[in-house]
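Observations on the model geometry
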Amino acid sequence: MKRILLTGANGFIGTHLRSSLEQNGFDVTCANLPQFDLEQTKSVNEFVGSRPWDLVIHLAGMSHVIDCENSPNKARAVNLDGTGRILDALVRQKKSCHFLFASTAQVYAAPDMKEVATGTIFDESRAVAPQNLYAETKYQAERLVESASTSSDLSATIVRLFNHTHKTQPPHFFLPHIFQCLKNKPEEPIPVGNLDVDRDIGSIRDLTRAFLTILEKQNWQFDTFNICSGHAKNLRHLAMGLAKRLGVPANFVVESNRLRPNEAKVLIGSHEKFTKATQWTPKIKTEDQLLDDFLCD
């Protein structure tokens, strides 16, 4: 039975992943605040050093872009320095261990003006130019992971995550926001940004399967992969489809503070590299499949 340390187990991804890991017979230890504090070296050392680990899945961190912009020092302390503390503690154990780090597709360069007009597909060969402070902290942490992997007994996988959703996701994300508004205040206008764009939004179920696929593979050393659905979904279709399925009227009102300048019409991720390495493919691809999955238990 593999011994797994899961940080951020109480978060959106962590909650679903923990359930899947336990259902598949893994020995999971969850690291969450306040006992596990990424800003405190002693706390990290005590938790990581409590036993040898076969695998560490590092999900914990500040993941909301606006929160990071509002508290840049804390964002760096948690996302970057906190990752470094875990790596240092693991390296000191001098045990073979695999480190699975959740990064973000926002580390890739934003679309240029041509791509804004025509759309684009992001694969791992795309130039890295973090789009915000959150992405910058994640990319710098990626470099720490790579360095530790090449200079110690640690092997590592970095996954650059595109959007994945479920009704349990916090309501500052697109579909959960629409869902909560339609469900709780169906008679009120729903504030939105630009709905006439296509985005790669996947299912949390496919994401957890991707994590399990990495666990099952035995011969990793170091690599970086995109995890995404590989299919664009139109935000207006999703919003209208959700209203139809809930049987309530849809009244969407565009708010200027939700609009983004030079927003690309189509953004899609490529999971081709990960699929070639593992044979994993997403099961939830179309807009209808995503809504079915979003509304199920």
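Here the structure is a predicted model, which means the values were calculated and not measured. (Residues numbered from 1 in each chain as written. Predicted model: local features only at pLDDT ≥ 70, side-chain atom pairs only at ≥ 80, totals over all residues. Heavy atoms only, no water.)

1. Observations concerning the overall build of the chain
- The secondary structure content of the chain amounts to 11 helices and 13 strands.
- Here the C-alpha atoms of the chain give a radius of gyration of 19 Å, agreeing with the 19 Å that 2.2 N^0.38 yields for 297 residues.
- For the chain, the C-alpha atoms occupy an extent of roughly 60 × 40 × 40 Å along the three principal directions.
- For the chain, with 297 residues in total, the buried portion stands at 50%.
- Here the contacts in the chain between residues at least 6 apart in sequence split such that 79% fall between residues at least 24 apart.
- With the model as given, the accessible surface of the chain reaches about 14000 Å², and the carbon-plus-sulfur share is 49%.
- Counting 34 positive and 34 negative side-chain charges, the chain places the averaged centre of each group 3 Å from the other. (Helix = DSSP H or I, 4+ residues; strand = E, 2+ residues; numbered from the N terminus. Rg over C-alpha atoms; globule rule 2.2 N^0.38 Å. Buried < 20%, exposed > 50% of the residue type's maximum accessible area, 1.4 Å probe, protein only. Contact = heavy atoms within 4.5 Å. Areas by Shrake-Rupley, 256 points an atom, 1.4 Å probe, with all protein chains shown as cover. Lys, Arg positive; Asp, Glu negative; His and termini not counted. Charge placed at Lys NZ, Arg CZ, Asp CG, Glu CD.)

2. Let's talk about the packing of helix α7 (residues 174-184) against helix α11 (residues 287-295)
- Where α7 meets α11, the axes come as close as 12 Å, and the angle between the chain directions of the two elements is 60°. Classified by the interaxial angle, the pair formed by α7 and α11 is oblique. Once α7 is placed against α11, the crossing between them reads as right-handed. Of the residues in α11, those in contact with L175, P176 and F179 of α7 are L290, L291, F294 and L295. (Axes fitted to C-alpha atoms, helices over the stretch in contact; angles between N-to-C directions. Parallel < 35°, antiparallel > 145°, perpendicular 65-115°, else oblique. Left-handed = near helix turned anticlockwise from the far one by under 90°.)

3. Focus: the side chain of K138
- For K138, the position within the fold is in helix α6 (residues 133-151).
- At 8.4 Å, E142 is the nearest oppositely charged side chain to K138, a buried residue that forms no salt bridge.
- With sequence-adjacent residues up to four places away left out, K138 is seen in contact with F101, A102, S103 and T104. (Salt bridge = Lys/Arg side-chain N within 4 Å of Asp/Glu carboxyl O.)

4. So, the nonpolar core
- Counting 30 residues, the largest nonpolar core has F36, V48, V56, I86, L90 and F99 as its most contacted members.
- Elements represented by at least two residues in this core include exactly α2 (41-48), α4 (72-93), β4 (97-104), α6 and β6 (154-161).
- The greatest single-element share of this core, amounting to 7 residues, is contributed by α4.
- In contact with F36, not counting residues within four places along its chain, are T7, A31, S43, V44, F47, V48 and I86. (Core = buried A, V, L, I, M, F, W, Y, C linked by side-chain atoms within 4.5 Å.)

5. Topic: the packing of aromatic side chains
- What the rule picks out here adds up to 7 aromatic pairs.
- Ring geometry for Y108 and F122: centres 5.9 Å apart, planes at 75°, overall edge-to-face. You can see Y108 sitting in the loop between β4 and α5 (113-118) and its partner F122 sitting in strand β5 (residues 120-122), a full 14 residues away along the chain. Of the two residues, Y108 and F122, both sit in the buried class.
- Three or more aromatic residues joined by ring pairs form one cluster here, namely W220, F225, F274 and W280.
- In this structure, K217 is placed above the aromatic ring of W220, and the distance from its NZ or CZ to the ring centre is 5.4 Å. (Phe/Tyr/Trp six-rings, centres within 6.5 Å; stacked < 30°, edge-to-face > 60°. Lys NZ or Arg CZ within 6 Å of the ring centre and 35° of its normal.)

6. Some details on α4
- Taking 1.5 Å per residue as the helical rise, α4 with its 22 residues ought to reach 32 Å, and the 31 Å between its terminal C-alpha atoms agrees with that figure.
- Taking the largest bend as the criterion, α4 deviates by roughly 35°, centred on D81.
- K94 sits one or two residues past α4 and shows a positive phi near 55°. (Expected span 1.5 Å × (residues − 1). Bend = angle between axes of the 7 residues up to and from the residue.)

7. So, the pattern of salt bridges
- Under the counting rule described, the total for this entry stands at 17 salt bridges.
- With a closest N to O distance of 2.7 Å, R160 and E142 form a salt bridge. Within this pair, whereas R160 is found in strand β6, its partner E142 is found in helix α6, the two being separated by 18 residues in sequence.
- Overall, the relative accessible area of 0% leaves E142 in the buried class.
- Note that R199 is salt-bridged to E263, the shortest N-O span being 3.4 Å.

8. Regarding the state of the cysteines
- The final tally for this structure, using the stated rule, is 0 disulfides.
- Among the cysteines around C97, which has no disulfide bond, C30 carries the closest sulfur, lying 16 Å off.
- Exposure remark for C97: the relative accessible area of 3% places this residue in the buried category. (Disulfide = S-S within 2.5 Å.)

9. So, the packing of α4 against α6
- At a minimum axis distance of 9 Å, the contact between α4 and α6 shows a crossing angle of 15°. Between α4 and α6, the angle is such that the two are roughly parallel. By crossing handedness, the relation of α4 to α6 is classed as right-handed. Touching P72, A75, R76, N79, L80, T83, G84, L87 and V91 of α4 are L133, Y134, T137, Q140, A141, L144, V145 and A148, all from α6.
- In terms of residue class, the contact of α4 with α6 is made up of 11 nonpolar, 5 polar and 1 charged. (Nonpolar A, V, L, I, M, F, W, Y, C, P; charged D, E, K, R; others polar.)

Such coordinate-based values are descriptive only and should not be taken to indicate function.
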